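The lines below spell out each chain.
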Protein chains: 2
Amino acid sequence: MYFLFQTRPYLSTQQPLKQPHRPEKITDMEREPMFQKQLTQSDVGKLNRLVVPKQHAVNYFPVIDSGNERKIRTTLLSFEDELGKCWSFRYSYWSSSQSYVLTKGWSRFVKEKGLGVGDFVFFERHREDNDRFFIGCRWRASAGTGVTTQVQDNGVAHRVAMVDGSSEQSEKPPMGDSRRLRLFGVNVNLD
Amino acid sequence: MYFLFQTRPYLSTQQPLKQPHRPEKITDMEREPMFQKQLTQSDVGKLNRLVVPKQHAVNYFPVIDSGNERKIRTTLLSFEDELGKCWSFRYSYWSSSQSYVLTKGWSRFVKEKGLGVGDFVFFERHREDNDRFFIGCRWRASAGTGVTTQVQDNGVAHRVAMVDGSSEQSEKPPMGDSRRLRLFGVNVNLD
DNA sequence: GGTTGGACCTGGCGA
DNA sequence: GTCGCCAGGTCCAAC
């Protein structure tokens, strides 16, 4: 298993970067898995939020709720993706539903990565610097196929399922010119 | 016309009471009708809200909207039912639809009373203490029958239509043992 | 005005 | 039967 980090500047037309790139290559040994989640309809739909399972939230993310009044119930978390791009999400506890959620910024991540129901998002952290987080996604493998890889086309991800040695493009997100597609890495498997 | 208030404690398995019982018997003379509404599909369906006709809302309920900013647009209203049980509903003005609604808690009332489309809910208040509200419901009379009465079975309401002097049980909510049914009163008619 | 995000709410379900 | 979690909703303010 390997994880290739891109070193050239990332060109995004969607949002300015809030933090500088960290172009240094991060090895697999330097990162440790935290958790992953298979995305539900509401995680990728119009609700613009990801529900973080409580056990993972309290295990790995900063404390934002302890039942005490006056305790901070929201904060900003930053994650680096495979490209070194930094994603900042608002992280909150919703007492009404007793759930931990990532909100602001999440919908952009879903859109740019082309995530859908059944896909996975995984979270990692730096082994030494536990406050340095990483985020990645893994598309649900098509039935009967082998590896599913990410492909980047001018900043927009597409899914490519390897089927019997041929490359089959998914129907979403909308396709560009497939000849300009460029592979940047395979997905890790936390299972 | 009479209205019998139950004096024994009400046993609910659904939610703890947020306000104490008022077991004293309230006579018909002490209450005055405010308004009633025949329930629509959305009043009893999955929307979990009752639309309060504007004229009644502004006439009888606390002011929650005047178009001014910083004005409270939501509050909590409590109503006593025939059992002395207290029902609290969130009362709001929805500017998007320009309507007054009862939301939180309403679905429980619908379920426990077994209300359906065409049934009636009526609202009353104490003649002296105008801030003390009462709520009741009246099931839509079956075609061609006379009086429709409420029957209570361990905290869950059932409807009983008096048909030619015999008692005919409705199909909803699910029946318990009919021999344990106990009549506690007839419904008032605000028409 | 359409979209995003913030704060709500509720039913279903499993422990 | 009860309770906690969470998937899937709501409204609405801000942008």
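Above this note sits the structure.
Notes on the structure in this doc start here. Because the structure is a prediction, the values reported are computed rather than measured.

About the criteria used
Residue positions are given per chain, counted from 1 along the sequence in the order it is written. Following the order in which they are written, the chains are lettered starting with A and the ligands numbered starting with 1. This being a predicted model, a pLDDT of at least 70 is required before a residue's local features are given, and a value of 80 or more before pairs of side-chain atoms are given or counted; all residues contribute to the totals for chains, interfaces and linings. For the side-chain quantities, the full set of heavy atoms in the structure was used; hydrogens and water were omitted. In DSSP terms, a helix is any run of H or I states spanning at least four residues, a strand is any run of E spanning at least two, and both are numbered starting from the N terminus. Classification of residues uses two cut-offs on accessible area relative to the type maximum, computed with a 1.4 Å probe and protein chains only: under 20% is buried, over 50% is exposed, and between them is partly exposed. Two residues form a contact once any of their heavy atoms are found within 4.5 Å. Surface accessibility follows the Shrake-Rupley procedure with a 1.4 Å probe radius. Residue values consider only the protein chains on display as shielding. Like charges are joined within 9 Å and nonpolar side chains (Val, Leu, Ile, Met, Phe, Trp, Tyr) within 5 Å, but only among residues with over 30% relative accessible area and no salt bridge; these make up the patches. What counts as a salt bridge is simple: a side-chain nitrogen of Lys or Arg found within 4 Å of a carboxyl oxygen of Asp or Glu. Here Asp and Glu are counted as negative and Lys and Arg as positive; His is not counted, and neither are the chain ends. One atom stands in for each charge, and that atom is NZ of Lys, CZ of Arg, CG of Asp or CD of Glu. One heavy atom suffices: a residue is near a molecule or strand as soon as one of its heavy atoms comes within 4 Å of it. The classification used treats Ala, Val, Leu, Ile, Met, Phe, Trp, Tyr, Cys and Pro as nonpolar, Asp, Glu, Lys and Arg as charged, and all other residues, Gly among them, as polar. Paired strands, in this sense, are two strands between which DSSP finds at least two bridges. Angles here are taken between N-to-C directions and fall from 0 to 180 degrees, while the axes themselves are lines fitted to C-alpha atoms, restricted in helices to the stretch in contact. Whenever two N or O atoms come within 3.5 Å, that pair is a polar contact, provided that in protein one can donate a hydrogen and the other can accept it, and provided that, for residues adjacent in sequence, both atoms are side-chain atoms. Aromatic contacts are taken between Phe, Tyr and Trp rings whose centres are within 6.5 Å, Trp giving its six-membered ring; a plane angle under 30 degrees counts as stacked, one over 60 as edge-to-face, and the others as tilted. Geometrically, a charge over a ring is one whose NZ (Lys) or CZ (Arg) sits within 6 Å of the ring centre while staying within 35 degrees of the ring normal.

1. With respect to the overall build of chain A
Helix and strand counts for chain A stand at three helices and 11 strands. In chain A, the succession of helices and strands from N to C terminus is β-α-β-α-β-β-β-α-β-β-β-β-β-β. Residue burial in chain A is summarised as follows: out of 191 residues, 47% are buried. Look at the contacts in chain A between residues 6 or more apart in sequence, and 57% of them connect residues 24 or more apart. Total accessible area on chain A stands at roughly 10500 Å², and carbon and sulfur atoms take up 51% of it.

2. Let's talk about the environment of B:Tyr60
One can find B:Tyr60 in helix α2 (residues 54–60). Along the sequence, B:Tyr60 and B:Met34 sit 26 residues apart, while their C-alpha atoms lie 6.8 Å from each other.

3. Thoughts on a positive patch on the surface
Positive charge collects at one region of the surface, where A:Lys46, A:Arg90, A:Lys104, A:Arg108 and A:Lys111 lie side by side. A:Arg90 gets classed as partly exposed once you look at its relative accessible area, which sits at 38%.

4. Thoughts on the protein's contact with DNA strand D
Around DNA strand D, a shell composed of 16 residues is seen, among which A:Arg49, A:Lys54, A:Ser97, B:Trp94 and B:Ser96 lie nearest. Elements supplying a minimum of two residues to the surface near DNA strand D: α1 (41–44) of chain A together with β4 (86–94) of chain B. Tallied by class, the residues present in the surface near DNA strand D amount to five nonpolar, eight polar and three charged.

5. Here we look at the sheet that holds strand β2 (residues 50–52) of chain B
All names here are of chain B. Taking strand neighbours across the sheet as the criterion, the seven strands line up as β1-β6-β7-β3-β4-β5-β2 in an open arrangement whose pairing is mixed. Because the sheet does not close on itself, it has two edges, and the strands there are β1 (31–38) and β2. With direction set aside, neighbouring strand axes in the sheet form an average angle of 35°. Two strands pair when backbone bridges link them, and strand β3 (residues 74–80) and β4 are joined in this way by seven bridges, in the antiparallel orientation. Each residue of the ladder has a partner; that of leucine 76, found in β4, is arginine 90. Strands β2, β4, β5 (99–102), β6 (120–126) and β7 (133–138) of the sheet are contacted by helix α3 (residues 106–113), whose axis makes an angle of about 130° with β4.

6. Some remarks on the protein's contact with DNA strand C
Contacts to DNA strand C come from 17 residues, most closely from A:Arg90, A:Thr103, A:Ser107, B:Lys104 and B:Ser107. In the interface set of DNA strand C, defined as its atoms within 4 Å of the protein, sugar plus phosphate atoms amount to 66%. A distance of 3.4 Å separates a base nitrogen of DNA strand C from a polar side-chain atom of A:Ser97. Between DNA strand C and the protein, one listed contact pairs a phosphate oxygen with a backbone N or O atom of A:Gly105 at 3.1 Å. By residue number, the principal contributor to the surface near DNA strand C is helix α3 (residues 106–113) of chain A, which donates three residues.

7. Some remarks on α3(B)
Buried within α3(B) we find B:Trp106, B:Phe109, B:Val110, B:Glu112 and B:Lys113. Looking one or two places after α3(B), you find B:Gly114, whose phi comes out positive at around 65°.

8. Side note on the packing of aromatic side chains
Residues and elements named next belong to chain A. Tallied over the entire structure, the rule returns 32 aromatic pairs over all chains. Seen from their ring centres, tyrosine 91 and tyrosine 100 are 6.2 Å apart, and the 25° between their planes marks the pair as stacked. You can call tyrosine 91 buried: its relative accessible area is 0%. Taking the relative accessible area as the measure of exposure, tyrosine 100 reaches 6% and is therefore buried. Taking NZ or CZ as reference, arginine 138 lies 4.3 Å from the ring centre of phenylalanine 120, over its face.

9. Here we look at the pattern of salt bridges
Pairing is possible between side chains that carry opposite charge, provided their charged atoms lie close to one another. Residue and element names in this part refer to chain B. As enumerated under the stated definition, the model contains 20 salt bridges over all chains in all. Ionic pairing is found between glutamate 82 and lysine 113, a salt bridge with its closest N-O pair at 3.2 Å. Of this pair, glutamate 82 sits in the loop between β3 and β4 while lysine 113 sits in helix α3, and the two are 31 residues apart along the sequence. On the basis of relative accessibility, which here comes to 3%, the residue glutamate 82 falls in the buried class. For lysine 113, a relative accessible area of 1% gives the class buried. Among the ionic pairs, lysine 85 bridges to glutamate 112, the shortest N-O distance being 3.1 Å. Here glutamate 112 lies in helix α3 and lysine 85 lies in the loop between β3 and β4, a separation of 27 residues in the sequence. Of the two residues, lysine 85 and glutamate 112, neither departs from the other in class, the shared state being buried.

10. A short note on the environment of A:Asp43
Residues and elements named next belong to chain A. In this structure, aspartate 43 sits in helix α1. Here the alpha-carbon distance between aspartate 43 and leucine 102, two residues 59 residues apart in the chain, equals 9.6 Å. Sequence-distant contacts of aspartate 43, defined by excluding residues within four places in its chain, comprise Lys37, Gln38, Arg49, Leu50, Val51, Trp106 and Val110. At 2.9 Å, the side chain of aspartate 43 and the side chain of lysine 37 are in polar contact.

Function-wise, these values are silent; they only describe arrangement.
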